Number of protein chains: 2
Amino acid sequence: MIALLNSKDSNFNTEFEKILKRGAMDIENVEGRVKELLNAIKKQGQSAIIAQVAQFDNWNPTNFSDLKITQEQMQKAYEAIETPLKDSLQLAFERIYAFHSKQKPKTWLDFEENGNILGQKVTPMDRAGLYIPGGKAAYPSSLLMNAIPALVAGVKEIVVCTPTPHNEPNPLLLAAMHLCGIKEAYKIGGASAIGALAFGAQDSQGKGIQKVDVITGPGNIYVATAKKLVFGEVQIDMIAGPSEIGILNDGDARADYLAWDLLSQAEHDEMASSILITTSENLAKQVAQKIEEFLATLPRKEITAKSINERGAILIVQNIQEGIALMNQIAPEHLELLVKNPLEILSKIQHAGAIFIGENTPEPIGDYIAGPNHTLPTGGSARFFSPLSTEHFMKKSSIIAFSKKGITQMGQECGILAHTEGLDAHQNAVLARLNS
Amino acid sequence: MIALLNSKDSNFNTEFEKILKRGAMDIENVEGRVKELLNAIKKQGQSAIIAQVAQFDNWNPTNFSDLKITQEQMQKAYEAIETPLKDSLQLAFERIYAFHSKQKPKTWLDFEENGNILGQKVTPMDRAGLYIPGGKAAYPSSLLMNAIPALVAGVKEIVVCTPTPHNEPNPLLLAAMHLCGIKEAYKIGGASAIGALAFGAQDSQGKGIQKVDVITGPGNIYVATAKKLVFGEVQIDMIAGPSEIGILNDGDARADYLAWDLLSQAEHDEMASSILITTSENLAKQVAQKIEEFLATLPRKEITAKSINERGAILIVQNIQEGIALMNQIAPEHLELLVKNPLEILSKIQHAGAIFIGENTPEPIGDYIAGPNHTLPTGGSARFFSPLSTEHFMKKSSIIAFSKKGITQMGQECGILAHTEGLDAHQNAVLARLNS
């Protein structure tokens, strides 16, 4: 049974603290092991990757080229899928592409009256590495959500790594690769994939995998730890943990909708968190009952029940303002607003990965088809991380072009500041222009 | 003497490889020590910070409140500075503020014909921590460059940490804090500052420093390592190393300008890199000579000479295309284009932190007064990091609001995708809306 807590309860603060700490990952605990894997790849390259794939994915690649997924395989997989699924993937592709196109930042220049030009140049990264989980949970939707922003950004080289237990690629993942026009993909998983992408691994003829500029994509604690360790060597999107939903409600909503939306988060992972905050004790009880009822019908009922019972909660609050304040503290990955005045509430929401508004917007619509990215900050990191976006695959350069008039107007002030900081060559570089 | 290399030389590739590796930081080497400092702060809070300040800054704070810089101190320092400097700081403030205002992203909503609404909400982070170096090199300009984007973003709580050897704050840094309206600042430096900002440290009455959401600012290898270690706990701007300049020239330029611009980078740090790429061997020789001549006049000549001799280089190329290709490989923090057709060359520049165009735009103008940020990616990380900007102090939330018509149109496709991934509660959450 999902926990019911009233904010008036004496144990509420203690229980709420647990919710705030839901994202704690014991990176310290796996860091040593992950460092070993990464260092082996850094030093031994392809042979280390081959050994690690053999160890973790239970098959025996003999050469690095055995790890490659061919475009022919992708195409065949795509051709083999049925029409309704093909159409659904196509619709998802188009809507995700359209949304991410709107995020694409543009180069701009600004002209000052004195002839100075200032601006910002935006360029795509040269090479992006996408990590897509395989094995237990192979999600073609994750391939779309990671590849499409890179495509929109204009990244020329996109490379995919995915774990492939027993050398049996997931056909839907291959089909999604074809749909996104992926040309380079490898059957490498976990920390090994992050190492291969961050450091590259080439043989004496220069064949193999080249290092990338950015790595994005979800994964388990080993992947998250490896991404943290290679950050700086490459850019990464974020460090993400188990999935989570927060639903905010002010009394009036259908209990079955709320129950399904909480369950849909819980079925991802035993570690997932599903939290409902409502002003209605009556609704809270109805939702708890519906959850029990629906749970019995689910194929993934064991995982789902464990998540709901151990990490789910329904919080009953005295008014919606209290609910908003608690939700901002939670800073959930997914936030559903099932409230009477969503625009007013929206203006008060400070921290959330994605916000789903109204009863016709169940969270799963955002996982697949709405358009915005489903790779979102978890564990409260929506306080400072943003959803994966086209911008994660681009970077900026400042542009400064001063006119003779501009440097003449401001050179003295610049020189004073430089000299004050003890940097006389800086001052002289400016004064040289003024005196000539 | 600065090294002169011709791209036709047999040792060119070997020497160029060294330039590409200029940014290598031995983080591994200091990581253990930095982890100890951070863990002590995590566990012991204020007492650990006090002990670390005593150890590294050579004075003896007795209480955590001794570490606080008061607004009164800032105001007095500001009032004490002379008019020309005050005006220069004011001009810098205004220009930096104006540029960063243009970077501020806006919330947007997009309405679909079926009544769906999609968008992106932009919110400032709640609390930002700025690390500003003190001691050997205390730069008020760095305070401006880190505080102003946070101000423009709308961050409510901005907290500054700066090392303060012998408990003697740099008056110009204090003055710059007053100018930026900083209300909270501490005399804490190095990895200790990063720990204090990332974890917070409060006493039993809740007094002390609270944890932040984002940490920005330059620093030495200990600061860089600490920032890397707390990444994920908080957001950080980038991991930066020693400063560097690349100048690209196609034959025609004043040798004295080039010499000063190279020297102005070299004077920062023995580890700084100053690289000129030119098509003219004649100019290369003139610049080398001017550097020797000017070096003798500089107060920081020892540091500057060491940097120029050990990490500077003039590369002579056969044509400008070759120069562009080499510069894109270098991906310099600062890039000066002293070329006949700067717009054409600009279009071919893929990777650079900030681009300075034309002979009236010496790099120092960007350090102080131009407007764009001077906190820039180093060591080739301009391939994937961007200049510090207003966006580093903001984050985004996706917005999804489906209409009844919208979910009816797309619900089936969404359900098919969810079911295909084995996520039946996801499918049911959508179907529940269709069937009612």
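Everything numeric here is computed off the predicted structure, so don't read it as measured data.

Some remarks on the overall build of chain A
Turning to step 1, where the next piece is worked out: Scanning chain A from N- to C-terminus turns up 17 helices and 17 strands.
Turning to step 2, where the next piece is worked out: Each principal axis of the C-alpha atoms in chain A carries an extent, and together these give about 85 × 60 × 45 Å.
Turning to step 3, where the next piece is worked out: Burial status across chain A gives 62% buried among its 436 residues.
Turning to step 4, where the next piece is worked out: Here the contacts in chain A between residues at least 6 apart in sequence split such that 74% fall between residues at least 24 apart.
Turning to step 5, where the next piece is worked out: In the form shown here, chain A has an accessible surface area of approximately 16,100 Å², with 49% of it arising from carbon and sulfur atoms.

What to know about the UniProt feature "binding site: substrate" (unreviewed entry) in chain A
Turning to step 1, where the next piece is worked out: The sites that carry the UniProt feature "binding site: substrate" (unreviewed entry) are, in the present numbering, Ser243, Gln265, His268, His334, Asp367, Glu421 and His426 of chain A. The named residues occupy 184 residues along the chain; their greatest pairwise C-alpha distance, 56.6 Å, places them well apart from one another.
Turning to step 2, where the next piece is worked out: By the element assignment, His268 of chain A lies in the loop between helix H10 (255-266) and strand E13 (273-278).
Turning to step 3, where the next piece is worked out: Its place among the elements puts Asp367 of chain A in helix H15 (residues 363-368).
Turning to step 4, where the next piece is worked out: Excluding residues that lie within four positions of it along the chain, Asp367 of chain A makes contacts with Ser141, Met145, His268, His334 and His374 of chain A together with His426 of chain B.

What about the packing of aromatic side chains?
Turning to step 1, where the next piece is worked out: Considering all chains together, one arrives at 15 aromatic pairs over all chains under this definition.
Turning to step 2, where the next piece is worked out: Taking the centre distance of 5.3 Å and the plane angle of 35° together, the rings of Phe99 of chain A and Trp108 of chain B count as tilted. Of this pair, Phe99 of chain A sits in helix H5 (residues 83-102) while Trp108 of chain B sits in strand E3 (residues 108-111), each in a different chain.
Turning to step 3, where the next piece is worked out: For Phe99 of chain A, a relative accessible area of 3% gives the class buried.
Turning to step 4, where the next piece is worked out: A ring pair is formed by Phe384 of chain B and Phe385 of chain B, whose centres lie 4.9 Å apart and whose planes are at 65°; its orientation type is edge-to-face.

What to know about the relation of the copies chain B and chain A
Turning to step 1, where the next piece is worked out: The two copies are related by a screw motion: chain B maps onto chain A through a turn of 180° and a shift of 0.0 Å along the axis, at an RMSD of 0.0 Å. The relationship between the two copies is best expressed as a two-fold rotation axis.
Turning to step 2, where the next piece is worked out: When the interface residues of chain B are mapped onto chain A, 99% of them again lie at the interface, so the same face is used by both copies.

Comments concerning the interface of chain B and chain A
Turning to step 1, where the next piece is worked out: In this complex, chain B contributes 112 residues to the contact, which on the side of chain A involves 111 residues.
Turning to step 2, where the next piece is worked out: In total, about 10,300 Å² of surface goes out of reach between chain B and chain A, with carbon and sulfur atoms giving 60% of it.
Turning to step 3, where the next piece is worked out: Linking chain B with chain A are 14 salt bridges.
Turning to step 4, where the next piece is worked out: Measuring nitrogen to oxygen at the nearest pair gives 3.3 Å for the salt bridge that ties Asp126 of chain A to Arg383 of chain B.
Turning to step 5, where the next piece is worked out: Summed over the shared surface of chain B and chain A, the number is 64 residue pairs in polar contact (both at pLDDT 80 or more).
Turning to step 6, where the next piece is worked out: The residue makeup of the side of chain B that touches chain A, split by class, is 56 nonpolar, 28 polar and 28 charged.
Turning to step 7, where the next piece is worked out: Pairing of strand E17 (residues 394-401) of chain A with strand E16 (residues 354-357) of chain B involves 3 bridges; the strand directions are parallel. Bridge pairing in E16 of chain B links Ser398 of chain A to Ala354 of chain B.

Section: the sheet that holds strand E13 (residues 273-278) of chain B
Turning to step 1, where the next piece is worked out: Taken in spatial order, the 9 strands of this open sheet run E3(A)-E4(A)-E17(A)-E16(B)-E15(B)-E12(B)-E13(B)-E14(B)-E1(B), and their pairing is mixed. Each edge of the open sheet carries a strand with a single partner, namely strand E3 (108-111) of chain A together with strand E1 (3-6) of chain B. On average, each strand axis in the sheet is inclined to that of its neighbour by 20°, with strand direction left out of account.
Turning to step 2, where the next piece is worked out: The sheet contacts of helix H13 (residues 320-330) of chain B involve strand E12 (244-249), E13 and strand E15 (334-338) of chain B, and relative to E12 of chain B the element is tilted by about 165°.

Concerning the packing of helix H2 (residues 27-44) of chain A against helix H8 (residues 190-199) of chain A
All names here are of chain A.
Turning to step 1, where the next piece is worked out: Remark: H2 packs on H8, axes separated minimally by 9 Å, with the N-to-C direction vectors making an angle of 40°. Comparing the axis directions of H2 and H8 gives the class oblique. For the pair H2 and H8, the sense of crossing is right-handed. Residue-level inspection shows Val34, Leu37, Leu38, Ile41 and Lys42 of H2 in contact with H8, the latter providing Ala191, Ser192, Ile194, Gly195, Ala196 and Phe199.

Structural notes on the pattern of salt bridges
Turning to step 1, where the next piece is worked out: Across all of its chains, the model carries 48 salt bridges over all chains by this definition.
Turning to step 2, where the next piece is worked out: We note a salt bridge from Asp261 of chain B to Arg433 of chain A, for which the minimum N-O separation is 2.7 Å. Placement of Asp261 of chain B in helix H10 (residues 255-266) and of Arg433 of chain A in helix H17 (residues 424-434) is noted, with the two residues assigned to different chains. Neither Asp261 of chain B nor Arg433 of chain A differs from the other in exposure class; each is buried.

Some details on the environment of Met177 of chain A
All names here are of chain A.
Turning to step 1, where the next piece is worked out: Tracing the backbone shows Met177 in helix H7 (residues 171-179).
Turning to step 2, where the next piece is worked out: Here Met177 falls in the buried class, since its relative accessible area comes to 0%.
Turning to step 3, where the next piece is worked out: Excluding residues that lie within four positions of it along the chain, Met177 makes contacts with Ile69, Met74, Leu143, Val160, Thr162, Ile182 and Ala185.

Some details on the sheet that holds strand E15 (residues 334-338) of chain A
Turning to step 1, where the next piece is worked out: Judged by pairing direction, the sheet is mixed, and its 9 strands sit side by side in the order E1(A)-E14(A)-E13(A)-E12(A)-E15(A)-E16(A)-E17(B)-E4(B)-E3(B) without closing on themselves. The two strands at the open ends of the sheet, each matched to only one other strand, are strand E1 (3-6) of chain A together with E3 of chain B. Across this sheet, the average inter-strand angle for adjacent strands is 20°, counted without regard to direction.
Turning to step 2, where the next piece is worked out: Note that E1 of chain A and strand E14 (residues 313-316) of chain A share 4 bridges and pair parallel. In the strand pairing of E14 of chain A, Ala3 of chain A is matched with Ala313 of chain A.
Turning to step 3, where the next piece is worked out: Along the sheet face, helix H11 (residues 281-295) of chain A touches E1, strand E12 (244-249), E13 and E14 of chain A and points at about 170° away from the line of E14 of chain A.

Thresholds applied
- Residues numbered from 1 in each chain as written.
- Chains lettered and ligands numbered in written order.
- Predicted model: local features only at pLDDT ≥ 70, side-chain atom pairs only at ≥ 80, totals over all residues.
- Heavy atoms only, no water.
- Helix = DSSP H or I, 4+ residues; strand = E, 2+ residues; numbered from the N terminus.
- Buried < 20%, exposed > 50% of the residue type's maximum accessible area, 1.4 Å probe, protein only.
- Contact = heavy atoms within 4.5 Å.
- Areas by Shrake-Rupley, 256 points an atom, 1.4 Å probe, with all protein chains shown as cover.
- UniProt positions renumbered as here; feature names shortened; annotations may be inferred.
- Phe/Tyr/Trp six-rings, centres within 6.5 Å; stacked < 30°, edge-to-face > 60°.
- Least-squares fit on C-alpha atoms with pLDDT ≥ 70 in both.
- Buried area = accessible area lost by both parts, 1.4 Å probe.
- Salt bridge = Lys/Arg side-chain N within 4 Å of Asp/Glu carboxyl O.
- Polar contact = N/O pair within 3.5 Å; in protein donor to acceptor, adjacent residues only side chain to side chain.
- Nonpolar A, V, L, I, M, F, W, Y, C, P; charged D, E, K, R; others polar.
- Pairing = 2+ DSSP bridges.
- Axes fitted to C-alpha atoms, helices over the stretch in contact; angles between N-to-C directions.
- Parallel < 35°, antiparallel > 145°, perpendicular 65-115°, else oblique.
- Left-handed = near helix turned anticlockwise from the far one by under 90°.

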